[in-house]
Amino acid sequence: MSQKTKIIEREEVVIRFSGDSGDGMQLTGTQFSDTSALFGNDVATFPDYPAEIRAPQGTVGGVSGFQLHFGHQEINTPGDFADVLVAMNPAALQANLKWVKPSGTIIVNEDSFTDKNLEKAGYDSDPLMDDKLADYNLIKAKVTTLTRECLKDSELDQKSVLRSKNMFTLGMVYWMFDRPFEHTEEFIEKKFKKYPAVVDANKKVLRAGYNFAKTIEALAYNFSVAPAKIRKGTYRNITGNKATAWGLMAAAERANLELFCGSYPITPATEILQELAARKDLGVKTFQAEDEIAGICTAIGASFAGDFAVTTTSGPGLALKTEAAGLAVMTELPLVIVNVQRGGPSTGLPTKTEQSDLLQAIHGRSGECPMPVIAASTPSDCFHYAFEAGRIALEHMTPVILLTDGFIANGAEPWRIPKMSELPEIIAPIAKEGDDFLPYAREEKRLSRKWAIPGTKGLEHRIGGLEKMDGDGTVSYVPENHQVMSDIRKRRVALVAENIPEIKVKGNEEADVLVVGWGGTYGHLITAVRELQKEEKSISLAHFNYIFPLPKNTAEVFSRYKKIIVCEINDGQFAEYLRSSFQDIKFEQHNKLMGLPFTVVELKERFNQLLEEK
Amino acid sequence: MADTVLNSPNIKKLSAKDFRSDQENRWCPGCGDHGILNSVQKALADMEIKKEDYAVISGIGCSSRFPYYMDTYGFHTIHGRAAAIASGVKCANPDLEVIQVSGDGDALAIGGNHFIHAVRRNIDMTILLFNNEIYGLTKGQYSPTSNQGMVTKTSPFGTIEEPFKPAQLALGAQSKFYARSIDTSIKLTTEVVKSASAHKGTSIVEILQNCVIYNDGTHALVTDKATKDDYQLILEQDKPMIFGIEKNKGLILGGNGKLIVVTIGEHGITEADVLVHDAHTENPHMHWLLSSMMAPEYPVALGVIRDVASPSYDEKMVQQIKDVQALSSIKNMDDLLNSGDTWVVE
Ligand SMILES: Cc1ncc(C[n+]2csc(CCOP(=O)(O)OP(=O)(O)O)c2C)c(N)n1
Ligand code: SF4
Ligand SMILES: [Mg+2]
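Residues numbered from 1 in each chain as written. Chains lettered and ligands numbered in written order. Predicted model: local features only at pLDDT ≥ 70, side-chain atom pairs only at ≥ 80, totals over all residues.

As annotated in an unreviewed UniProt entry, chain B carries the name 2-oxoacid:ferredoxin oxidoreductase subunit beta and comes from Ancylomarina euxinus. UniProt lists a comment for chain B under the heading Cofactor (unreviewed entry), and it reads "[4Fe-4S] cluster". (UniProt positions renumbered as here; feature names shortened; annotations may be inferred.)

By the naming in an unreviewed UniProt entry, chain A goes by 2-oxoacid:acceptor oxidoreductase subunit alpha and is assigned to Ancylomarina euxinus.

Structure below.
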């Protein structure tokens, strides 16, 4: 593409784009990560949306960020700290400086460092003028002026001209990391197909940024990150929420059932409903209900009537769904409840991540009301676990809770596209005309009742929330029967353990320390554990996706390690659950409640401490 | 209205008995619910719909026990949520004939939100609203339809709340079909339920129901032999609104926009002056006035008050899916998974 002064090979790089909500940083970040993925790097990304949609311009509350981590090796997290920070205004710098590595590179739009903007960002003095940033490689670029200059002959109005300034910074970063333009140019052409002037402007500014970086030699050298060794196949980038939606659709297709989703919008789960709503071409029925209760209730109705039914929500919505979830347990209807966890309690931190709905998922219902709980652990494996939630729900005739969280829901990574024929067929126990049918007669293996779908001749029957007689399903207040039915409900969930894989440890079968995690913390935990393993530390990871019931070999695995530390983004809910399940085992904890994922650094520090303790 | 009809002559006609389940009935002797059950069983048998295509969905309350006594697919759900669950049933399988049964508390208190939204969406189902103006199952607390001042277990000094008129709530939610009947009239209830079922979209049938135990006689003026002719106005399409023992009372519209009860033959009033019922008129004004009439000032309007054609939610849902499918190149999951930006790693 151009001659370089000096090229430095890097294993991995973290870049954080940040600016005002209107600065187009999500798009810039996505372009960089897609380009890197196409180039062959492994990538993980995480958008950091502003908490308030209409936060005043230029304030810290309105800063939108996008972090991406790409590398020559397997990448499992969006990275703790950034090698490069792009800050489009003082607020972005203020909010993100703490995430930049010592001696990292900071690119700022110098034009935006006006007195007014500095004040809005809470600066007493201009950080570009004093020595606060002396330890960093600071690149000041008059992005606004240069963009305007570059487009001075364009027919576009000023507003549209300024809107393309994100392409200038993208161009700069492309130069720094030696990335090709083609993907972004194609993207621009497609996106603004109807506005040729906008296409021209964006492409021009992109190149202008690139050339500017080259001219000023933004770095004394530029980096190259070689492609990763990746398994053969066709890939795409996917976010956790999209993968969840697609996993549910895949389960419907493999079960040969129509998919119904009853849901009410709530951050950070809304995109699942949106993605499903867009898929009318695949026959998906979405029902935007009047509230979360109606969301799950319409889904239960749809399940009764023979659809594969799901409902999607986040913590506060899960709370609203609890009574109806109990009805689904009582009536033994298949249903998937997706809970994309966020910071709580109450409205809490809607845009931030947390794992604090675990015990709500396991226990949070009236009565003895067990239902399987599973959790996804990366953006792309949301597909697999959404599929699994559907498989378990339909094969065992039970509601299932699938937990994801804001971190993996919004995060994205390249994903090897599966073939539908590689996925198992799902066979629900549907009763047919002429079958011997009693509403609560059970098959032996899973103790599930048959699904007699309205419209099937001769199988008319009644179900409901009142306790039913084992077998014939009439209303029953017989004391012994309630014991029998309660025991069956418990046993039914326990039997799911026969239909899920055992837990596989990453690392040695025996070690001094076993790190235990579940759900969305996988990327950080595996990175920390692998790094310590490279240092010859005696440490392994057991990461759980099947939460309730636990894999059958869990106790046996735990018994092989000297110390066990349970790490979660909550106050210790999984640890508490494990303690109640395995009373003889001691569990250490590492917890965090900041609305943020773990950092690899903090984890390694904690594990080292534990490794050293006698 | 279900699309699957019994048009084959060799299928034997169903009778009310075919809809009786073997469950022991737990309603109090004398409860109005018994009569309603008989009427509905008769109506269902009369209609050309296969038995297996009925789905009867209820919430919680005395009235909500209804599905257990019907030999159809039935779902006794949770308090207040029947409308939402019934909506899901209909969307999953629009060929089903969905009937929701709810009490005044179930539909209008805890389930008020679901009720208005089901009506607004116009999902093709029939809502049977058993209005006994009390919470029966929980043994006698006032409900959102209890008259102000009513003494109940939770209002020992009389309620201080203004009651809902269910019809006003429904019309406010853009109801397209509203009918009213009484538990004691099997004939009228049967007819009205059939009309409701035939209507495409959400049809509401408010049934004035007597709770002998906790609110006995609340509809007495309308149901008692001695008074009913003077307090029942049975509406019929295109017929003048005439009532009374001597069939000489009628309704006219006063200059102040209020309905006025007149006597034919007095003050020069003739039958031609009396209002003629039109359930099909889209403007809900007259339906509002009619459904708001209360005894003893007025007779109570019974029969089909409003019946306006409008496409149903489920119809539109099915159509939209068809339209999108016709245009999309994505036909299955493999197509979707491989759509958009992908790249190959060799
Ligand atoms: C969540 C919930 N809250 C409260 C109740 C108690 N409850 C059951 S039925 C009912 C009211 C019933 O009144 P209505 O709906 O008018 O039916 P009716 O018994 O009069 O037919 C109440 C308060 C319940 N079952 N569930
Ligand atoms: S309590 Fe009232 S409504 Fe309930 S069954 Fe008895 S009479 Fe009927
Ligand atoms: Mg009632």
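Trainee: Honestly, the overall build of chain A in this entry has me stumped. Any pointers?
Mentor: On a plain count of helices and strands, chain A comes out with 21 helices and 22 strands. Its C-alpha atoms give chain A a radius of gyration of 27 Å, near enough to 25 Å, the size a compact globule of 614 residues would have. Each principal axis of the C-alpha atoms in chain A carries an extent, and together these give about 85 × 65 × 45 Å. Relative to its 614 residues, chain A shows a buried fraction of 54%. In chain A, the proportion of contacts linking residues at least 24 apart, taken out of those at least 6 apart, comes to 76%. (Helix = DSSP H or I, 4+ residues; strand = E, 2+ residues; numbered from the N terminus. Rg over C-alpha atoms; globule rule 2.2 N^0.38 Å. Buried ≥ 20, exposed ≤ 12 C-beta atoms within 10 Å, placed from the backbone. Contact = placed C-beta atoms within 7 Å.)

Trainee: Mind showing me how you'd approach the overall build of chain B here?
Mentor: Across its full length, chain B holds 11 helices and 12 strands. With the C-alpha coordinates of chain B rotated into their principal frame, the extents come out at 95 × 50 × 45 Å. Expressed as a percentage of the 346 residues in chain B, the buried residues total 49%. Taking contacts inside chain B between residues at least 6 apart in sequence as the whole, the part at least 24 apart equals 68%.

Trainee: Is there a simple way to explain the site of ligand 1 in this structure?
Mentor: Residue and element names in this part refer to chain B. Taken together, the neighbourhood of ligand 1 is formed by 17 residues, with Gly61, Ser63, Gly103, Gly105 and Gly136 sitting nearest. When residues in the shell around ligand 1 are grouped by element, the largest group, 3 residues, is from helix H3 (residues 104-108). Its residues assigned to classes, the shell around ligand 1 comprises 6 nonpolar, 9 polar and 2 charged. (Near = placed C-beta within 6 Å. Nonpolar A, V, L, I, M, F, W, Y, C, P; charged D, E, K, R; others polar.)

Trainee: Just to check I follow, could you spell out the packing of helix H1 (residues 25-39) of chain A against helix H7 (residues 182-191) of chain A for this structure?
Mentor: How two helices pack is summed up by the angle between their axes together with the distance between the axes. Residue and element names in this part refer to chain A. Following both chains from N to C, one finds H1 and H7 inclined at 130°, their axes separated by 9 Å at the closest point. The angle between H1 and H7 falls in the class oblique. Crossing geometry of H1 relative to H7 is assigned as right-handed. Across from Gln31, Asp34, Thr35 and Leu38 in H1, the residues of H7 making contact are His183, Thr184 and Phe187. Classifying every residue of the contact of H1 with H7 gives 2 nonpolar, 4 polar and 1 charged. (Axes fitted to C-alpha atoms, helices over the stretch in contact; angles between N-to-C directions. Parallel < 35°, antiparallel > 145°, perpendicular 65-115°, else oblique. Left-handed = near helix turned anticlockwise from the far one by under 90°.)

Trainee: Before we go on, may I ask you to explain the interface of chain B and chain A in this structure?
Mentor: Many descriptions give the size of an interface as the accessible area lost when the pieces come together. Of the residues lining the interface, 51 residues belong to chain B; the matching set on chain A comes to 54 residues. Those elements giving two or more residues to the side of chain B that touches chain A turn out to be strand S1 (54-58), strand S2 (73-76), helix H2 (82-92), helix H4 (112-121), helix H10 (313-327), helix H11 (333-337) and strand S12 (343-345) of chain B. Taken together, the 3 bridges between strand S17 (residues 462-464) of chain A and S2(B) define a ladder with parallel strand orientation. Bridge assignment links Ile463(A) to a residue of S2(B), and that residue is Phe75(B). (Pairing = 2+ DSSP bridges.)

Trainee: Whenever I open this one, the domain arrangement of chain A confuses me. Can you help?
Mentor: All names here are of chain A. Domain parsing of chain A yields domain 1 (7-224), domain 2 (236-422) and domain 3 (511-612). Domain 1 and domain 2 are separated by 35 Å when their C-alpha centres are compared. Between domain 1 and domain 2, the contact holds 12 residues from the first and 8 residues from the second. Among the secondary structure elements, those contributing two or more residues to the side of domain 1 that touches domain 2 are H1 and strand S3 (42-48). Element by element, the count of residues in the side of domain 1 that touches domain 2 is highest for S3, at 6 residues. A per-class count over the side of domain 1 that touches domain 2 returns 8 nonpolar, 2 polar and 2 charged. (Domains from an automatic or database assignment.)

Trainee: Any chance you could explain the sheet that holds strand S11 (residues 285-288) of chain A here in plain terms?
Mentor: Sheet strands pair via backbone hydrogen bonds, and the direction of the pair is either parallel or antiparallel. All names here are of chain A. Taken in spatial order, the 7 strands make up an open sheet running S11-S10-S12-S13-S15-S14-S20, and their pairing is mixed. Whereas interior strands pair on both sides, the edge strands pair on one side only; in this sheet they are S11 and strand S20 (546-548). Pairs of neighbouring strands in the sheet enclose a mean axial angle of 20°, with direction left out of account. One ladder, built from 3 bridges, connects strand S14 (residues 373-375) with strand S15 (residues 399-405); its direction is parallel. Looking across to S15, one finds that Val373 is bridged to Ile401. Packed on one face of the sheet, helix H11 (residues 292-304) meets strand S10 (259-263), S11, strand S12 (308-313) and strand S13 (335-341) and runs near 170° to S12.

Trainee: What is the right way to read the nonpolar core from this model?
Mentor: Considering soluble globular proteins, one finds that nonpolar side chains tend to be buried as a cluster. By size, the foremost hydrophobic cluster in this structure holds 248 residues, and its most contacted members are Ile300(A), Leu402(A), Val515(A) and Val89(B). If we ignore the near neighbours within four places in the chain, the residues touching Leu402(A) are Val336(A), Val338(A), Ile374(A), Ala376(A), Tyr385(A), Ala386(A) and Ala389(A). (Core = buried A, V, L, I, M, F, W, Y, C linked by C-beta atoms within 7 Å.)

Trainee: Is there a simple way to explain the site of ligand 2 in this structure?
Mentor: With respect to spatial proximity, the complete set of residues near ligand 2 consists of Trp27(B), Cys28(B), Cys31(B), Asp33(B), Cys62(B), Asn132(B), Gly136(B), Cys211(B), Val212(B), Ile213(B) and Tyr214(B). Tallied by class, residues from the shell around ligand 2 come to 8 nonpolar, 2 polar and 1 charged.

Trainee: What should I look at first to understand the environment of Leu290(B) in this one?
Mentor: You can see Leu290(B) is positioned in helix H9 (residues 285-292). Between the C-alpha atoms of Leu290(B) and His267(B), which are 23 residues apart in sequence, the distance is 23 Å.

Trainee: What's the story with the UniProt feature "domain: Thiamine pyrophosphate enzyme TPP-binding" (unreviewed entry) in chain B in this structure? I'm lost.
Mentor: In this numbering, the UniProt entry assigns the feature "domain: Thiamine pyrophosphate enzyme TPP-binding" (unreviewed entry) to residues 60-207 of chain B. For the annotated span residues 60-207 of chain B, helix accounts for 31% and strand for 19% of the residues, and the straight-line distance between the end C-alpha atoms is 17 Å.

Trainee: Help me out: how do you make sense of the confidence of the model for chain B in this one?
Mentor: Detailed conclusions should not be drawn from predicted coordinates in areas where pLDDT is low. All names here are of chain B. Averaged over chain B, the pLDDT score is 96; the fraction of residues at 70 or greater is 97%. The low-confidence segment residues 1-7, where pLDDT is below 50, has 20 contacts with residues more than four positions distant or belonging to other chains. Reported confidences for the modelled complex are a pTM of 0.94 and an ipTM of 0.96. (pLDDT = per-residue confidence, 0-100.)

Trainee: Even after reading the chapter, I still don't get the sheet that holds strand S8 (residues 242-243) of chain B, so can you show me in this structure?
Mentor: Residues and elements named next belong to chain B. Taken in spatial order, the 3 strands of this open sheet run S8-S9-S10, and their pairing is antiparallel. Two strands lie at the open edges of the sheet, namely S8 and strand S10 (259-263), each paired on one side alone. Looking at chain direction, S8 and strand S9 (residues 249-253) are connected through 2 bridges and run antiparallel. Across the sheet, the residue bridging to Ile242 is Gly250, located in S9.

Trainee: I'm lost on the pairing of strand S7 (residues 137-141) of chain A in this one. Help?
Mentor: Regular strands place their side chains on alternate faces of the sheet. Residues and elements named next belong to chain A. For strand S6 (residues 100-109) and S7, the ladder comprises 5 bridges, and the chain directions are parallel. Among the inter-strand pairings, Val108 is bridged to a residue of S7, identified as Lys140. The handedness of the S6 to S7 crossover, carried by helix H3 (residues 115-120), is right-handed. (Right-handed = clockwise from strand over helix to strand, strands pointing away.)

Trainee: Any chance you could explain unusual backbone geometry here in plain terms?
Mentor: Most peptide bonds adopt trans geometry, and most residues besides glycine take a negative phi value. Cis geometry is found at the peptide bond from Gly344(A) to Pro345(A), where omega equals 0°. The residue after Ala295(B), namely Pro296(B), is reached through a cis peptide bond having omega 5°. Residue placement: Pro296(B) occurs in the loop between H9 and strand S11 (300-307). For Met397(A), which is not glycine, the phi torsion reads 50° and is therefore positive. Looking at the secondary structure, you find Met397(A) in the loop between helix H15 (381-396) and S15. The buried category is assigned to Met397(A), around which 25 C-beta atoms lie within 10 Å. In this structure, Leu447(A) takes a positive phi of about 55° despite not being glycine. Looking at where Leu447(A) falls in the secondary structure, it is placed in the loop between strand S16 (412-416) and S17.

Trainee: I'm lost on the environment of Ala243(A) in this one. Help?
Mentor: All names here are of chain A. Here Ala243 is to be found in helix H9 (residues 240-255). Counting along the chain gives 169 residues from Ala243 to Ala412, while the straight-line C-alpha distance between them is 9.5 Å. For Ala243, the residues in contact, after removing those within four places along its chain, are Ile238, Pro379, Ser380, Cys382 and Phe383.

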